Amino acid sequence: MEKVVIIGTGCAGLTAALYTARANLNPLVLTGIMPGGLLTTTSIVENFPGFPEGIDGYELMTRMQKQAERFGAKVKFATVESVDVSKKPFALTVDGEVIQAETIIIASGAGHRHLGLESEDLLEKKGVTYCATCDGALPMFRQQPLVVVGGGDSACEEASYLTRFGSVVYLIHRRDTLRASKVMADRTLANPKVKPVWDSVVTEVLDVKQNKVTGVRVKNLKTNEESVIDCAGVFVAIGHVPNTQLFKGVITMDENGYVKPSEGTMTNVPGVFVAGDCSDHVYRQAITAAGMGCAAAIDCERYLGALNQ
């Protein structure tokens, strides 16, 4: 029987692990398919307090994990297949094994949102990717024209990063201004290798027949004109989808699948708490996820304390 099981090892999960570990609750932390969460795919994190020069995303998550483990957190590289919270103790099926838990902290984060095109799916890993820092330096993209789809901070970061490798980076956005923070937008548009393509959407990734990306078909939303942009890679950065499918129909969520806490960080199921990007569609920052992880851990500790009085 585990006192606390934490699902996810991003900023929220590892901060929750640190706090529950220091409260002598010996949390079990389950990594899922992406240990460290999406931040491990970020090259440099400049807005996490305490690192004036910035810090590599992977290094930050590694440090967080070591800090939690120092106080007794147990990190298991495993994926949760199903969860039963209909009765106490809760039961989690983890890689075929059943684990019982008094409390659960859901910190499962979010995954990359897709364009929803058949050609996109067929050409994934053949030139279509969702992480510039993971794939941008591959030989297939070097000195080639590249496309980034999106208009937020992530898209700007991807575009700026890719200018190191591509000959030109087309930034395709459905509006005529970027949604990114001003400093990020200004920095990106000032780069001579970034070419914005405004008011436009990608309708097809070319070329499935060749089994590799050769370009994109683009539609201008104001004129309805279609054109083709030649490129060797398509980097999709249009936001995220919460990883909450496990709890559908059991834990209260909004229409987009984000978990809605009912009191503090506790969900509609007493003993189940939530933190991070799987419940936050407003801020979605590393530091806010960490803060929510802290809050969930404190709520969890107090809940267990009340049970044992």
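**Topic: the packing of aromatic side chains**
Okay, so step 1: Evaluated as defined, the whole model comprises four aromatic pairs.
Okay, so step 2: When the ring of F273 is compared with that of Y303, the centres are 5.9 Å apart and the planes differ by 75 degrees; the resulting orientation is edge-to-face. Remark: Y303 occurs in helix 7 (residues 286-307) and F273 occurs in strand 17 (residues 272-274); sequence separation between them is 30 residues.
Okay, so step 3: By relative accessible area, F273 is classed as buried at 1%.
Okay, so step 4: Given a relative accessible area of 14%, Y303 falls into the buried group.
Okay, so step 5: Cation over ring: R22 sits above F71, and NZ or CZ is 5.2 Å from the ring centre.

**Notes on the sheet that holds strand 9 (residues 145-149)**
Okay, so step 1: With parallel pairing, the five strands of this open sheet are ordered in space as 8-15-9-10-11. Taken across any chain shown, the strands that pair with only one partner, and hence form the sheet edges, are strand 8 (128-129) and strand 11 (194-197).
Okay, so step 2: Note that strand 10 (residues 168-172) and strand 11 share four bridges and pair parallel. Counterpart to Y170 in the pairing with strand 11 is K195.
Okay, so step 3: The strands that helix 5 (residues 153-162) touches are strand 9, strand 10, strand 11 and strand 15 (233-236); relative to strand 9, the one it contacts most, it runs at about 170 degrees.

**Focus: the pairing of strand 6 (residues 97-106)**
Okay, so step 1: Relative to strand 6, strand 1 (residues 2-7) is paired through five bridges, and the arrangement is parallel. Bridge pairing in strand 6 places E2 opposite A101.
Okay, so step 2: Relative to strand 6, strand 5 (residues 90-94) runs antiparallel, the two sharing five bridges. Across the sheet, L92 pairs through a bridge with I99, a residue of strand 6.
Okay, so step 3: Here strand 5 folds back onto strand 6, and the loop between the two strands holds two residues, one of which, D95, carries a positive phi near 50 degrees.
Okay, so step 4: Pairing geometry for strand 6 and strand 17, over three bridges, is parallel. Within the sheet, the bridge partner assigned to I104 lies in strand 17 and is V272.

**Considerations on the sheet that holds strand 13 (residues 215-220)**
Okay, so step 1: Overall, antiparallel pairing links the three strands, which are arranged 12-13-14 in an open sheet. The open sheet terminates on both sides in strands that have one partner only, identified here as strand 12 (200-206) and strand 14 (226-230). Pairwise comparison of adjacent strand axes, ignoring direction, gives a mean angle of 30 degrees for this sheet.
Okay, so step 2: Pairing between strand 13 and strand 14: five bridges, direction antiparallel. What sits directly across from G215, in strand 14, is D230.

**What about the pattern of salt bridges?**
Okay, so step 1: Under the counting rule described, the total for this entry stands at nine salt bridges.
Okay, so step 2: Across the salt bridge formed by K76 and E97, the nearest N and O atoms sit 3.9 Å from each other. With K76 in strand 3 (residues 74-76) and E97 in strand 6, the pair connects residues that are 21 residues apart, well separated along the chain.
Okay, so step 3: Its relative accessible area of 32% is what places K76 among the partly exposed residues.
Okay, so step 4: By relative accessible area, E97 is classed as partly exposed at 41%.

**Some remarks on the environment of A68**
Okay, so step 1: Topologically, A68 is positioned in helix 2 (residues 57-70).
Okay, so step 2: Residue classification places A68 among the buried positions, given a relative accessible area of 1%.
Okay, so step 3: Once the C-alpha coordinates of A68 and N26 are considered, the two residues, 42 residues apart in sequence, prove to be 9.9 Å apart.

**A few points about unusual backbone geometry**
Okay, so step 1: Residues K88 and P89 are joined by a peptide bond in cis, for which omega reads -10 degrees.
Okay, so step 2: Counting through the fold element by element, P89 comes out in the loop between strand 4 (80-84) and strand 5.
Okay, so step 3: With an omega dihedral of 10 degrees, the bond running from L206 to D207 counts as a cis peptide bond.
Okay, so step 4: With phi around 60 degrees, N24 is a residue other than glycine that occupies positive phi space.
Okay, so step 5: The residue N24 is located in the loop between helix 1 (11-22) and strand 2 (28-30) in this model.
Okay, so step 6: Residues other than glycine seldom take positive phi values, yet Q143 does so here, at roughly 55 degrees.
Okay, so step 7: Along the chain, the position of Q143 falls in the loop between helix 4 (132-135) and strand 9.

About the criteria used
- Sequence order as written defines residue numbering, which begins from 1 separately in each chain.
- A pLDDT threshold of at least 70 governs which residues receive local features in this predicted model, and a stricter bar of 80 or more applies before side-chain atom pairs are shown or counted, although totals over entire chains, interfaces and linings include all residues.
- To obtain the side-chain values, all non-hydrogen atoms of the structure were used and water was disregarded.
- For this analysis, a ring pair means two rings from Phe, Tyr or Trp (six-membered ring only for Trp) whose centres lie within 6.5 Å, classed as stacked if their planes differ by under 30 degrees, edge-to-face if by over 60, and tilted for the remaining angles.
- Under the DSSP-based scheme used, a helix requires at least four consecutive residues in state H or I and a strand at least two consecutive residues in state E, with every element numbered from the N terminus.
- Accessibility here uses a 1.4 Å probe with only protein chains present; expressed as a share of the type maximum, an area under 20% marks a residue as buried, one over 50% as exposed, and anything in between as partly exposed.
- Look at NZ for Lys and CZ for Arg. If either is within 6 Å of the ring centre and within 35 degrees of the ring normal, a charge sits over the ring.
- A pair of strands is considered paired only if DSSP assigns at least 2 bridges between the two.
- The contact definition used throughout considers only heavy atoms, calling two residues in contact when any of these lie within 4.5 Å.
- An axis is simply a line fitted to the C-alpha atoms; with a helix, the fit covers only the stretch in contact. Between two such axes, the angle follows the N-to-C directions and lies from 0 to 180 degrees.
- Every case where a carboxyl oxygen of Asp or Glu lies within 4 Å of a side-chain nitrogen of Lys or Arg is listed as a salt bridge.

The analysis is restricted to geometry; functional conclusions fall outside its scope.
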